[in-house]
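Here is how the chains run, residue by residue.
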Amino acid sequence: MDESLYQINLDAAFGPGQVMDILGLAGRQQPWWNQTLCAVDDCVVRLGVVEGEFHRHKHDDQDEFFFVLEGKWIIEMDDQTVELGPGMGYLVPKGVMHNPRAPVRTVILMVEGSGVVPTGD
């Protein structure tokens, strides 16, 4: 996939004390859309609406946590493939090459260090 097709918004959409209608926000978006929702200390919570395959990448110095709200999220790594459905989460350790994909429109939350480049190092 051409990285220019990703819509990645790194500025936090919400600050402390603001209510977030996460599924409402996701429902108005098309894949591949990614929005930083808020900062939590040195980390950020991001919302992604995805469908199809993201490119193979890694984050050298940061872990990346995925939590599925809707749909199906598959993470292919060198030694295993993990399939996640609604209510399921998985932590990809730093330095691990992974190729995530969504066979159907999927809504995910990601928690990662604020310095993580979403498209990888």
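Residues numbered from 1 in each chain as written. Predicted model: local features only at pLDDT ≥ 70, side-chain atom pairs only at ≥ 80, totals over all residues. Heavy atoms only, no water.

Help me out: how do you make sense of the pattern of salt bridges in this one?
Two side chains carrying opposite charge are able to pair once their charged atoms lie near each other. Under the criterion given, the structure shown has 5 salt bridges. For the salt bridge of Lys72 with Glu83, the shortest nitrogen-to-oxygen distance reads 3.2 Å. Placement of the pair is Lys72 in the loop between β4 (64–70) and β5 (73–77) and Glu83 in strand β6 (residues 81–84), with a sequence separation of 11 residues. On the basis of relative accessibility, which here comes to 33%, the residue Lys72 falls in the partly exposed class. A salt bridge links Glu76 to Arg101, with the shortest nitrogen-to-oxygen separation between them at 2.8 Å. Taken together, the residues Glu76 in strand β5 and Arg101 in strand β8 (residues 98–113) connect sequence positions 25 residues apart. With a relative accessible area of 25%, Glu76 lands in the partly exposed category. Note on Arg101: relative accessible area 27%, which makes it partly exposed. (Salt bridge = Lys/Arg side-chain N within 4 Å of Asp/Glu carboxyl O. Helix = DSSP H or I, 4+ residues; strand = E, 2+ residues; numbered from the N terminus. Buried < 20%, exposed > 50% of the residue type's maximum accessible area, 1.4 Å probe, protein only.)

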